[in-house]
Amino acid sequence: MTDEKLSQAERDEAAYFAERAAAAGVGRPLSQGDTPPAPGEPPTLFDVQEMELNFGPQHPSTHGVLRIVLKVDGEKILEAIPDVGFLHRGTEKLFETETYPMGIPHTDRMDYVAAATNNHAFCLTIEKLLDVEVPRRAQLVRVILDELQRLSSHLVWLGTSGIDLGAVTPFWYAFREREQILDFFEEYCGARLTLNCMRIGGLPFDLTTGWVERLLEFVDDLPARIDDYEQLLTDNRIWKRRTVGIGVLTAAECVEYGLTGPLIRASGIEWDLRRAQPYECYDELDFAVPTRQNGDTYDRYIVRVQEMRQSVRILRQCLDRLEPGEIRGKVPRVIKPPAEEIYASIESPKGELGFYCVSNGSNRPYRMHCRPPSFINLQALPKMAKGHLISDLVALIGTIDIVLGEVDR
Amino acid sequence: MKILTPTFLTYVKVLLIVAVVPAIVGFVIVLAERRIMGFMQVRLGPNRVGPKGTLQGLADLLKLVTKEDVTPARAEKFVHFLAPVLAVIPALTALAVIPMGPSIRLARHVSTPLWVADINIGLLFLLAITSIGVYGIILGGWASNNKYSMLGGLRSAAQLVSYEVPMGLSLVAVLLMTRSLSLVEIVMRQDRMQLWFVFPGLLSFFLYFVSGVAETNRNPFDLPEAESELVSGFNTEYSGVKFAFFFLGEYAAMIIISCVAVTVFFGGWLPPFGHVKALSFLHIVPPFLWFLAKVGFFIFCYIWFRSTFPRYRFDQLMALGWKWMIPLSLVNIVIVALAILWTPGRTDGLVRLGWLFGALFLLMFFLAKLRQALARRDRLASEPAGTRQSALKA
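Calculation criteria
- Residues numbered from 1 in each chain as written.
- Chains lettered and ligands numbered in written order.
- Predicted model: local features only at pLDDT ≥ 70, side-chain atom pairs only at ≥ 80, totals over all residues.
- Heavy atoms only, no water.
- Helix = DSSP H or I, 4+ residues; strand = E, 2+ residues; numbered from the N terminus.
- Rg over C-alpha atoms; globule rule 2.2 N^0.38 Å.
- Contact = heavy atoms within 4.5 Å.
- Areas by Shrake-Rupley, 256 points an atom, 1.4 Å probe, with all protein chains shown as cover.
- Lys, Arg positive; Asp, Glu negative; His and termini not counted.
- Charge placed at Lys NZ, Arg CZ, Asp CG, Glu CD.
- Disulfide = S-S within 2.5 Å.
- Buried < 20%, exposed > 50% of the residue type's maximum accessible area, 1.4 Å probe, protein only.
- Phe/Tyr/Trp six-rings, centres within 6.5 Å; stacked < 30°, edge-to-face > 60°.
- Lys NZ or Arg CZ within 6 Å of the ring centre and 35° of its normal.
- Patch = residues over 30% accessible without salt bridge, like charges linked within 9 Å, V, L, I, M, F, W, Y side chains within 5 Å.
- Salt bridge = Lys/Arg side-chain N within 4 Å of Asp/Glu carboxyl O.
- Pairing = 2+ DSSP bridges.
- Axes fitted to C-alpha atoms, helices over the stretch in contact; angles between N-to-C directions.
- Buried area = accessible area lost by both parts, 1.4 Å probe.
- Polar contact = N/O pair within 3.5 Å; in protein donor to acceptor, adjacent residues only side chain to side chain.
- Parallel < 35°, antiparallel > 145°, perpendicular 65-115°, else oblique.
- Left-handed = near helix turned anticlockwise from the far one by under 90°.
- Nonpolar A, V, L, I, M, F, W, Y, C, P; charged D, E, K, R; others polar.
- pLDDT = per-residue confidence, 0-100.

Could you give me a rundown of the overall build of chain B, with the residues and numbers involved?
Across its full length, chain B carries 12 helices and 2 strands. Scaling as 2.2 N^0.38, a compact globule of 394 residues should have a C-alpha radius of gyration of about 21 Å, and chain B matches this with 23 Å. If you take every contact in chain B between residues at least 6 apart in sequence, the share linking residues at least 24 apart comes to 77%. As displayed, chain B offers around 19300 Å² of accessible surface, 72% of which is attributable to carbon and sulfur atoms.

Listed below in structure tokens is the structure:
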């Protein structure tokens, strides 16, 4: 994106936001009836009566243990301050205390609905540090696992954000398919949630017999299933009224906040690491990066649903290209990378998931830092929530698609 | 058979309504709701307690009754206690005027109608007494000393009071046709006119049922409890028997709304097309069962809505109520009044009105479908190319 475009976008954004803020009554000078009561005087009906409301950490719609301190006037949100850290387990510090391969299971526990992509990002970083070539079969299987994980993560998002807005039924349909995906994972690596399904230089296991055929069957079935979810939500008037125009983020804002993933794509920026910095074999696969222009909750919904369709396409191509071969690259038994600093990232279901590794030449990282998409995307919440109602806050938490394991690490 | 005096029979009927209705609520509706929703949501629903899960309601009831009854610290104790009672008593009282069937013979020379009381202000009594139930929710939300409960209470205060208006107004339009407030007389008149009032009162019925769903806090208008936003709202701080009372109150209110819909719009205990000779075999089914089947259908609709729709937002709900429902119900009154004015005392005017409404509803339905199809076409056009092709089928 050039500077010229950005400044245009910024101008648009300023105008748009001023308009929206005015419509929502944000920053409006208090009219006579709105003046806060003078100290000692009883409040009248028309005063802004600020109430502080603790939203979470024990709340069904915060998707974990997020706490949001709300300042509300009636139901209107004046201020929303996310308070994170309830699930902090010091994962980054744990990486320093253990050897490189021992770090992989810790990544499972970060974004726990998308363990495969976490494993992938971690392994990719170490492989880049070691300069190891991953065999082609391993690359393809990794992409298959990634896309299955993207599907299952989006399905969890779809179900839970539906429940947040009171649509209970899509949840069960989404989880029906997610269950099948978890079955595929279970058959591959024995685990359903904390997969630990990748190794530095390749994969721990080869695929079991019949796995590919069964997956092909499932993949052929999936587009019709996605139609089912869309049937319930996409053209539903209530669903649209709850999502269109809610939590609008302009392209410039997304860039400012460093947002990635479906959030930035719903705001009109075609930024997908699978396309922008292809890793593994994504450069030879034919898929589109869905984008939308309005940057509201509805567009983020559409983008994610379309991404699911693209994942189906990618899965088909990968399954078609699978050939027998090696699954582990040439990796020394004891991994002692050269003393270097390196950053590698992948497109996780939530956005750019990267690891920054500082090696001092020993068998443990000197420092391992994670770039968690959930955490960085969550920054936009106060901006999105301001001026909306409490019901919208629930929709907004859902639309950011946070996993608290990743936010707090 | 001296014991079967009318007074005695009335007592028996009152007892039945107070004792049997909670049982029906506990066993049949809750179980039906959970099983039907399970069916709609590709899962099984409760099937462990008793044969096919039929005793699940009893298990739930036992659980609630044996649970500790917690009153939060600094809650308004008396009001906190009073609220669930207020929620449930009016709903049960209202059942007294619902005619569930014509007279049945109990013994020789002894017969009794299937209603407790046929009062000449029946419909007014119903509206009045059910609005008392609203206080239960408002007071419960306020007395709990919990911010979420209070928000729930505030929501219900606004929502329930607003939707009383279109509900009452939609019934006014029907009253023009019934010329009586007595529910028994309303059913009788539908029998005499050989016309259910749902036909000329299609719009009234629509308005009534939508407001009814809003009145009972059910999806898509379940904002006062909104578990994903307000963590159950007004009943967050309730447990044990008090919670059971709120629960019972909600389901009893559902029954009332359905009963009134059936009585006023769907001919109460009358079989469908009862005056058509070819369909006279429908009279074989006892009237009470017709009534039950119709009420069951509306309760099924409640469950159906719940598993289909997302929830409205509060301001949208109020906008819907004040900008659409109330003006529409006023227009409806005018239309019905004009129809009656032009064809006084005759049924054919009302029938023509029914055809008009039917045509309008069909038109609206097709317009909505068309709009949906257009939106879908636009959406598909905006999808990236190649998404819908099955890419590789070599």
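Don't stop here, the text continues.
Describe the overall build of chain A, and please don't skip the residues or the numbers.
Summing up its helical and strand segments, chain A has 16 helices and 6 strands in all. Taken over C-alpha atoms, the radius of gyration comes to 23 Å for chain A, in line with the 22 Å a tight globule of 409 residues would show. Seen through its principal axes, chain A has C-alpha atoms that stretch 75 × 50 × 45 Å. A sequence separation of at least 24 residues applies to 71% of the contacts in chain A between residues at least 6 apart. Accessible area of chain A: about 15900 Å², with a carbon and sulfur share of 52%. Averaging the locations of the 46 positively and 62 negatively charged side chains of chain A gives two centres separated by 2 Å.

Lay out the state of the cysteines with the relevant residues and their values.
Here a disulfide denotes a covalent bond joining the sulfur atom of one cysteine to the sulfur atom of another. Residue and element names in this part refer to chain A. Throughout the structure, instances matching the rule amount to 0 disulfides over all chains. With no disulfide of its own, Cys-123 lies 8.4 Å from the sulfur of Cys-197, the closest cysteine sulfur. Take Cys-370: it sits in no disulfide, and the sulfur closest to it among the cysteines is that of Cys-357, at 12 Å. Of the residues examined, Cys-370 reaches a relative accessible area of 0% and is grouped as buried.

Before we move on, can you summarise the packing of aromatic side chains with the specific residues and values?
Throughout the structure, instances matching the rule amount to 35 aromatic pairs over all chains. Measuring from centroid to centroid gives 6.1 Å for Tyr-188 of chain A and Phe-205 of chain A, while their planes differ by 80°, and the two rings are edge-to-face. A residue pair is termed long-range when its members are at least 10 positions apart, and Tyr-188 of chain A in helix H6 (residues 169–189) and Phe-205 of chain A in the loop between H6 and helix H7 (211–233) qualify at 17 residues. Centre to centre, the rings of Phe-206 of chain B and Phe-361 of chain B are 5.7 Å apart; their planes meet at 80°, and the pair counts as edge-to-face. In this pair, Phe-206 of chain B is assigned in helix H7 (residues 202–215) and Phe-361 of chain B in helix H12 (residues 347–382), connecting sequence segments 155 residues apart. Judged by relative accessible area, Phe-206 of chain B falls into the partly exposed class, the value being 37%. An aromatic cluster is defined as three or more aromatic residues linked by ring pairs; in this entry it consists of Trp-196, Phe-205, Tyr-208, Phe-209, Phe-265, Phe-266, Phe-297, Phe-298, Tyr-302, Phe-305 and Phe-309 of chain B. When the ring centre of Phe-375 of chain A is taken as reference, the NZ or CZ atom of Arg-409 of chain A above it lies at 5.7 Å. Taking NZ or CZ as reference, Arg-43 of chain B lies 4.5 Å from the ring centre of Trp-172 of chain A, over its face.

Just give me the short version of a nonpolar patch on the surface, but keep the residues and values in it.
Residue and element names in this part refer to chain B. A surface patch of nonpolar side chains, about 770 Å² in accessible area, is lined by Phe-8, Val-12, Leu-16, Val-20, Ile-24, Phe-27, Val-28, Leu-55, Leu-58 and Leu-62. Those elements that place two or more of their residues in the nonpolar patch are helix H1 (6–40) and helix H2 (56–66). The dominant element in the nonpolar patch, judged by the number of residues it contributes, is H1, at 7 residues. Looking at the element boundaries, Phe-8 is found in helix H1. For Phe-8, a relative accessible area of 34% translates into the label partly exposed.

Please provide a residue-by-residue account of the sheet that holds strand E1 (residues 50–55) of chain A, values included.
Residue and element names in this part refer to chain A. Judged by pairing direction, the sheet is antiparallel, and its 3 strands sit side by side in the order E1-E2-E3 without closing on themselves. Bordering the open sheet on either side are E1 and strand E3 (76–83), each of which pairs with just one other strand. On average, adjacent strands in this sheet sit at an angle of 20° to one another, irrespective of strand direction. In terms of strand pairing, strand E2 (residues 67–73) meets E3 through 7 bridges, oriented antiparallel. For Leu-70, the partnering residue across the bridge sits in E3 and is Ala-80.

So what about the interface of chain A and chain B? Which residues, and what values?
Contacts between the two partners involve 52 residues from chain A, matched on the other side by 41 residues from chain B. Carbon and sulfur atoms supply 55% of the area that chain A and chain B bury against each other, a total of about 4000 Å² over both sides. The largest per-residue losses of area from chain A upon contact with chain B belong to Asp-235, Ile-238 and Arg-241 of chain A, which jointly make up 15% of the total buried on that side. Remark: the boundary between chain A and chain B carries 1 salt bridge. Two residues, Arg-313 of chain B and Asp-392 of chain A, come together in a salt bridge whose shortest N-O distance is 3.1 Å. The interface formed by chain A and chain B contains 11 residue pairs in polar contact (both at pLDDT 80 or more). For the side of chain A that touches chain B, the secondary-structure elements that each account for two or more residues are E1, helix H5 (136–164), H6, H7, helix H8 (237–243), helix H12 (297–321) and helix H15 (390–400) of chain A. The element contributing the most residues to the side of chain A that touches chain B is H12 of chain A, with 9 residues.

Could you give an account of the pairing of E1 of chain A, with specific residues and numbers?
Residues and elements named next belong to chain A. Where burial is concerned, the two faces of E1 differ: the one with Met-51, Leu-53 and Phe-55 is buried and the one with Glu-50, Glu-52 and Asn-54 is not. Here E1 runs beside E2; their pairing, made up of 6 bridges, is antiparallel. Paired with Glu-52 across the two strands is Lys-71, which belongs to E2.

So what's going on with the pattern of salt bridges? Residues and values would help.
Residue and element names in this part refer to chain A. One pass over the structure, following the stated rule, counts 40 salt bridges over all chains. The salt bridge involving Arg-274 is made with Glu-147; its shortest N-O contact spans 3.2 Å. Here the residue Arg-274 occupies a position in helix H11 (residues 273–276), and Glu-147 occupies one in helix H5, the gap between them amounting to 127 residues. Each of the two residues, Arg-274 as well as Glu-147, counts as buried. Put simply, Glu-147, Arg-150, Arg-265, Asp-272, Arg-274, Glu-307 and Glu-347 are held in one network by salt bridges that share partners.

With reference to specific residues and values, describe the packing of H5 of chain A against H7 of chain A.
Packed helix pairs are characterised by how far apart their axes lie and by the angle those axes make with each other. Residues and elements named next belong to chain A. Direction vectors running N to C along H5 and H7 enclose 25°, while the axes themselves pass 13 Å from each other. Here H5 is positioned roughly parallel relative to H7, judged by the angle of their axes. The handedness of the crossing between H5 and H7 is left-handed. For the pair H5 and H7, the contacting residues are Ile-144, Leu-145, Leu-148, Leu-151, Leu-155 and Leu-158 in the first and Trp-211, Leu-215, Leu-222, Tyr-229 and Leu-233 in the second. Broken down by class, the residue content of the contact of H5 with H7 amounts to 11 nonpolar, no polar and no charged.

Just give me the short version of unusual backbone geometry, but keep the residues and values in it.
Residue and element names in this part refer to chain A. Of note in the backbone geometry, Asp-131 takes a positive phi value of approximately 60° without being a glycine. As for its placement among the helices and strands, Asp-131 is situated in the loop between helix H4 (115–130) and H5. Of note, Asp-401 is a non-glycine position whose phi angle comes to about 60°, a positive value.

Outline the packing of H7 of chain B against helix H9 (residues 240–265) of chain B, listing residues and values.
Residues and elements named next belong to chain B. Contact geometry of H7 with H9 gives a least axis separation of 10 Å together with a crossing angle of 170°. If you check the angle between H7 and H9, you find them roughly antiparallel. Contact with H7, carried on its side by Ser-204, Phe-205, Tyr-208, Phe-209 and Gly-212, involves Ile-256, Ile-257, Val-260, Ala-261 and Phe-265 of H9 and no other residues of that element. Broken down by class, the residue content of the contact of H7 with H9 amounts to 8 nonpolar, 2 polar and no charged.

How would you sum up the environment of Leu-171 of chain B? Please name residues and give values.
Residues and elements named next belong to chain B. For Leu-171, the position within the fold is in helix H5 (residues 147–178). Residue Leu-171 is classed as buried on the basis of its relative accessible area, which comes to 3%. Taking the C-alpha atoms as reference points, Leu-171 and Tyr-208, separated by 37 residues in sequence, lie 7.2 Å from one another. Filtering out sequence-adjacent residues up to four positions away, Leu-171 remains in contact with Leu-123, Leu-127, Tyr-208, Val-264 and Phe-265.

Kindly report on the confidence of the model for chain B, identifying the contributing residues and their values.
Residues and elements named next belong to chain B. When pLDDT is averaged along chain B, the result is 82; 95% of the residues meet or exceed 70. The lowest-confidence element of chain B is helix H8 (residues 227–230), averaging 70 in pLDDT; the highest-confidence one is H7, averaging 88. Every residue in residues 390–394 scores below 50 in pLDDT, and together they form 6 contacts with partners more than four places removed in sequence or on other chains. In the predicted complex, the global pTM is 0.83; the interface-specific ipTM is 0.81.

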